[in-house]
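# Topology and contacts: notes
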Amino acid sequence: MAGSATAVAGAWVESLSPDTWFLVGAVPGKATTVQPVLSRLCGERRFGLVRMARGLYWRGYPEDHELHLCGPFNLDRGALLYAGAGAGLAKWNALNRLGWTLQRDPKASVSVCGRRLAPFDKAVRYFTHKNIRRRQLNWAEVTVLEALALIDYTEEPWTDCLEAVRSGESERRLKWDAPIRPGALLWAGETENGNTADLRYLLADVAAALPDAA
């Protein structure tokens, strides 16, 4: 059975597409089986597997690919995964990915819910947010809250920001894994830092502009 469990864990990693981030808990099998398998695969050039932090791995490109031993790429994805529940893109990163500004954050900036987290790479920045309700949101919903916190600094008119949401541009740029739920977004906004009437109006505008709200 031990050999079979090892084979299952190894096959799971091998089946991943290149440039995929994952947490050790996602690998099928017990920790006593999975950890040695991952350690072995990290030492095999053919997989391009890299341990980025405790429990966080990046499946790179195979030996016969031109990008073998390059990367990791998509640090946003890895930083969000490592941050856990309640995480979302932060600062200019959030505004840009929604299509609300042309400004770009040079680092993968991510908001972490309720705790401090050390970055696993010099190109990653984490910011702590105290709104515990964010843990019930997906990362795209948290990204909207983060973007609204900086909305006064964008060069885009608010009507254009809403049109990006309404037209589906924001969804295409975010490539979100789960739809933004208007009710959940409004609920979490009630306990955001500096919750004001302006924030509530902005959230209501976004909720109404979501494609599914039409």
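Keep in mind the model is a prediction, meaning the values are calculated, not measured. (Residues numbered from 1 in each chain as written. Predicted model: local features only at pLDDT ≥ 70, side-chain atom pairs only at ≥ 80, totals over all residues. Heavy atoms only, no water.)

### What to know about the sheet that holds strand S4 (residues 88–89)
In spatial order, the strands read S4-S5-S6; together these 3 strands make up an open sheet with mixed pairing. Two strands close off the open sheet at either side, each with one partner strand: S4 and strand S6 (124–129). As defined by bridge partners, S4 adjoins strand S5 (residues 108–113) across 2 bridges and the pair is classed as antiparallel. Bridged to Gly 88 within S5 is Ser 111. Against the sheet, helix H3 (residues 75–83) engages S4, S5 and S6, with an angle of about 15° to S5. (Pairing = 2+ DSSP bridges. Helix = DSSP H or I, 4+ residues; strand = E, 2+ residues; numbered from the N terminus. Contact = heavy atoms within 4.5 Å. Axes fitted to C-alpha atoms, helices over the stretch in contact; angles between N-to-C directions.)

### Side note on unusual backbone geometry
The omega angle of the peptide bond from Gly 71 to Pro 72 is 10°, so this bond is cis rather than trans. Unlike most non-glycine residues, Asp 19 shows phi in positive territory, near 65°. With a relative accessible area of 18%, Asp 19 lands in the buried category. With a phi close to 50°, Asn 74 is a non-glycine residue in the positive phi region. Assignment of secondary structure puts Asn 74 in the loop between strand S3 (56–59) and H3. (Buried < 20%, exposed > 50% of the residue type's maximum accessible area, 1.4 Å probe, protein only.)

### Focus on the pairing of strand S2 (residues 49–53)
Where S2 lies against S3, 4 bridges are found, and the strand directions are antiparallel. Bridge pairing in S3 places Leu 49 opposite Arg 59. Counted between consecutive antiparallel strands, the loop separating S2 from S3 contains 2 residues, among which Gly 55 sits at a positive phi close to 85°.

### Examining the packing of helix H5 (residues 139–149) against helix H8 (residues 182–189)
Each pair of packed helices can be summarised by the angle the axes make with each other and by the distance between the axes. One can describe the packing of H5 onto H8 by two numbers: an axis separation of 10 Å at closest approach and a directional angle of 50°. The angle between H5 and H8 falls in the class oblique. Considering only the axes of H5 and H8, their crossing is right-handed. Each of Glu 141, Val 144 and Leu 145 in H5 lies in contact with H8, whose residues at this interface are Ala 184, Leu 185, Ala 188 and Gly 189. A breakdown of the residues in the contact of H5 with H8 according to their chemical character gives 5 nonpolar, 1 polar and 1 charged. (Parallel < 35°, antiparallel > 145°, perpendicular 65-115°, else oblique. Left-handed = near helix turned anticlockwise from the far one by under 90°. Nonpolar A, V, L, I, M, F, W, Y, C, P; charged D, E, K, R; others polar.)

### Considering the packing of H5 against helix H9 (residues 197–209)
Where H5 meets H9, the closest approach of the two axes is 11 Å, and the angle between their N-to-C directions is 135°. By the angle class used here, H5 and H9 are oblique. The crossing of H5 and H9 is right-handed. Taken together, the residues of H9 that come into contact with H5 (itself represented by Val 144, Leu 145 and Leu 148) are Leu 199, Leu 202, Leu 203 and Val 206.

Geometric descriptors of this kind do not, in isolation, establish any biological role.
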